[in-house]
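What follows is the residue order along each chain.
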Amino acid sequence: MIAKIKAKKWARPALVGLVFLVSACSRGGDGVYQGYIEGEYTYLAAPSAGYLRVLHARRGSRVSAGALVFEVDAELERQGLNEAEARARAAQEKVRNLSLPRRQSEIAAIQAQLNAAEAALKLSKKQLIRQDSLYAKGFISSARLDEARTIYERDQAQVEAAQQQLATYRAALGRQPEVRAAKADEAAASALAAQKRWQLGKKVVIAPIEGEVSETYYQPGEWVPAGASVASLLPDLRRRVRFFVPQVIVAKLKSGQRIEATCDSCAETIRATIDFISPQAEYTPPVIYSRESREKLVFRVEAVPDVKQAANLRPGLPVDVRVMEP
């Protein structure tokens, strides 16, 4: 303690340089830097709330990509899907009905109405000719002739109406705007059914990548809020070697450079590749327990371990890192 006070009091350049040299040697002058294993966790959750029905993967267990992790009760979503699919089927039937002609029995009924209208038109036409002849000879009044002409015109209009109705029944039912509206309803119903199907599928959560279930936060039977994490997954490919180097070293490092790390319990050397170098300095984190390196500005460097070794690395494990020459 006295030596430190004297060093601050003297503050001579030569002595300061000597102190820096000694400090540098104790912190990594031999090319060894302190670090630890870091894990980037993936938190698994369902987008909608419900009771946790099944927990397939317990904490500490390993899962492969696509393996079931947990299921949330989905009875409400299942009923919603059934309703949406029923509406979609009804919309499809409506489009099909509008796109098909009428049944043959309906067409035959309209044909019979047309035949009756044509027969009535023939009779009223003969009566009009007869009344016109009698009016020309002065045997009837003009009112009788007008009445006969009105009956003829009425029967003629009924024939035309029956012809149009028969043509409509033989063609597709409804106008084109009605068909387009029905198709739009069908598309909306199908989209709603797809949405309900997606919601139902998300009640079963799978592992997106191979790794270890680090922790579970709910037990079967408990209510899980929407978006709440039920389990945390530590993927094998997201375990990293994190270490810290002084500013005199950071300029020499580059992405893709290889490193080797050792720990007290490691059976073999950990080999990794640098993929991140912090652009700004920071204080050494508390996880680095070297008294000499505390409160010193350093740069954080991260490296991806080799795939074969990644699964055996435990987050928080302290390591000594040596940077290999490029």
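Everything in this summary refers to the structure shown in the same document. Source: prediction; values computed, not measured. (Residues numbered from 1 in each chain as written. Predicted model: local features only at pLDDT ≥ 70, side-chain atom pairs only at ≥ 80, totals over all residues. Heavy atoms only, no water.)

1. Section: the overall build of the protein
Rule in force here: Counting from the N terminus, the helices are the DSSP runs of H or I reaching at least four residues and the strands are the DSSP runs of E reaching at least two. Working definition: with a 1.4 Å probe on protein chains only, accessible area under 20% of the residue-type maximum means buried, over 50% means exposed, and in between means partly exposed. By definition, residues are in contact when any of their heavy atoms lie within 4.5 Å. All accessibility values rest on the Shrake-Rupley procedure with a 1.4 Å probe; residue burial counts only the protein chains present in the view.
When helices and strands are tallied, the protein shows eight helices and 15 strands. Here the protein holds 326 residues, and the buried ones make up 32% of them. Once local pairs closer than 6 in sequence are excluded, the contacts in the protein between residues at least 24 apart make up 77%. Counting every atom, the protein has about 20500 Å² of accessible surface; 54% of that belongs to carbon and sulfur.

2. Some remarks on the packing of aromatic side chains
Here the distance between the centres and the angle between the planes together describe a pair of aromatic rings. Short version of the rule: Pairing of aromatic side chains here covers Phe, Tyr and the six-membered ring of Trp, requires ring centres within 6.5 Å, and sorts the geometry by plane angle: under 30 degrees stacked, over 60 edge-to-face, intermediate tilted.
Across all of its chains, the model carries two aromatic pairs by this definition. Between Tyr51 and Trp223 the ring centres are 4.9 Å apart and the planes differ by 75 degrees, which places this aromatic pair in the edge-to-face class. Here Trp223 lies in strand β8 (residues 223-224) and Tyr51 lies in strand β3 (residues 50-55), a separation of 172 residues in the sequence. Classification of Tyr51 as partly exposed rests on a relative accessible area of 46%. On the basis of relative accessibility, which here comes to 46%, the residue Trp223 falls in the partly exposed class.

3. Observations concerning the side chain of Arg240
Inclusion rule: Identification of polar contacts relies on pairs of N or O atoms within 3.5 Å, with a donor-acceptor requirement for protein atoms, meaning one able to donate a hydrogen and the other able to accept it, and with residues adjacent in sequence counted only if both atoms are side-chain atoms.
Tracing the chain through its elements places Arg240 in strand β10 (residues 239-245). A distance of 2.5 Å separates the side chain of Arg240 from the side chain of Asp275, its partner in a polar contact. Polar side-chain contacts of Arg240 include one of 2.7 Å to the side chain of Glu302.

4. Brief notes about the pairing of strand β5 (residues 68-72)
How we decide: Only strands joined by at least two bridges in the DSSP assignment are considered to pair.
With respect to burial, β5 is a largely interior element, four of its five residues being buried. With three bridges connecting them, β3 and β5 associate as antiparallel partners. Within β5, the position partnered with Leu55 by the bridge is Phe70.

5. Focus: helix α6 (residues 176-201)
To keep it simple, the criterion reads: In a helix, the anticipated span is given by 1.5 Å times the number of residues less one.
With 26 residues, α6 extends 37 Å between its outermost C-alpha atoms, agreeing within 8% with the 38 Å of an ideal straight helix rising 1.5 Å per residue. Buried within α6 we find Val179, Ala182, Ala189, Ala193 and Leu200. Close packing links the buried residues of α6 with α3 (75-99) and β6 (204-206).

6. A look at the nonpolar core
The condition that has to hold: Here the nonpolar core consists of buried residues drawn from Ala, Val, Leu, Ile, Met, Phe, Trp, Tyr and Cys, with membership extended through side-chain atoms lying within 4.5 Å.
Within the largest apolar cluster, 21 residues are counted, with the highest numbers of intra-cluster contacts made by Val241, Phe243, Val245, Ile259, Val319 and Val321. Elements with a contribution of two residues or more to this core: β1 (32-39), β10, α7 (247-250), β11 (258-262), β12 (270-277), β14 (297-305) and β15 (318-323). Apart from the residues within four sequence positions on either side, Val241 is in contact with Tyr36, Ile37, Ile259, Ile270, Ala272, Val301, Glu302, Ala303, Pro305, Val319 and Val321. Core analysis: the second largest hydrophobic core is formed by 18 residues, Leu52, Val69, Ala207 and Ala231 among them.

7. Quick word on the pairing of β11
Because side chains alternate across β11, one face comprises the buried residues Ile259 and Ala261, and the other comprises Arg258, Glu260 and Thr262, none of which is buried. Here four bridges tie β11 to β12, and the two strands are oriented antiparallel to one another. When the bridges of β12 are listed, Glu260 appears paired with Arg271. Two strands pair when backbone bridges link them, and β11 and β15 are joined in this way by four bridges, in the antiparallel orientation. Residue Thr262 lies in a different strand from β15, and its bridge partner there is Asp320.

8. Focus: α3
Here α3 spans 36 Å end to end across 25 residues, near enough to the 36 Å set by a 1.5 Å rise per residue. Along α3, the residues classified as buried are Glu77, Gly80, Leu81, Ala84, Ala88, Ala91, Val95 and Leu98. As for α3, its buried residues are in contact with α6.

9. Some details on the sheet that holds β6
Spatially, β6-β5-β3-β8 is the arrangement adopted by the four strands of the open sheet, whose pairing is antiparallel. Looking along the sheet, the strands with just one partner apiece sit at the ends: β6 and β8.

10. Topic: the layout of surface pockets
Selection criterion: Cavities and pockets were defined on a 1 Å grid built from protein atoms only: a cavity is a group of points that admits a 1.4 Å probe but offers it no way out, a pocket is an open group of points flanked by protein on both sides within 12 Å along at least five of seven lines, and a lining residue is one with an atom within 4 Å of any such point. Grid points are joined across faces, edges and corners, and a volume is the space filled by probe spheres set on the points. Following the grouping adopted for this structure description, the nonpolar residues are Ala, Val, Leu, Ile, Met, Phe, Trp, Tyr, Cys and Pro, the charged ones are Asp, Glu, Lys and Arg, and the polar ones are all others, Gly among them.
As a volume, the second largest pocket reaches approximately 240 Å³. Here the residues of the lining of the second largest pocket are counted per class, giving six nonpolar, two polar and three charged.

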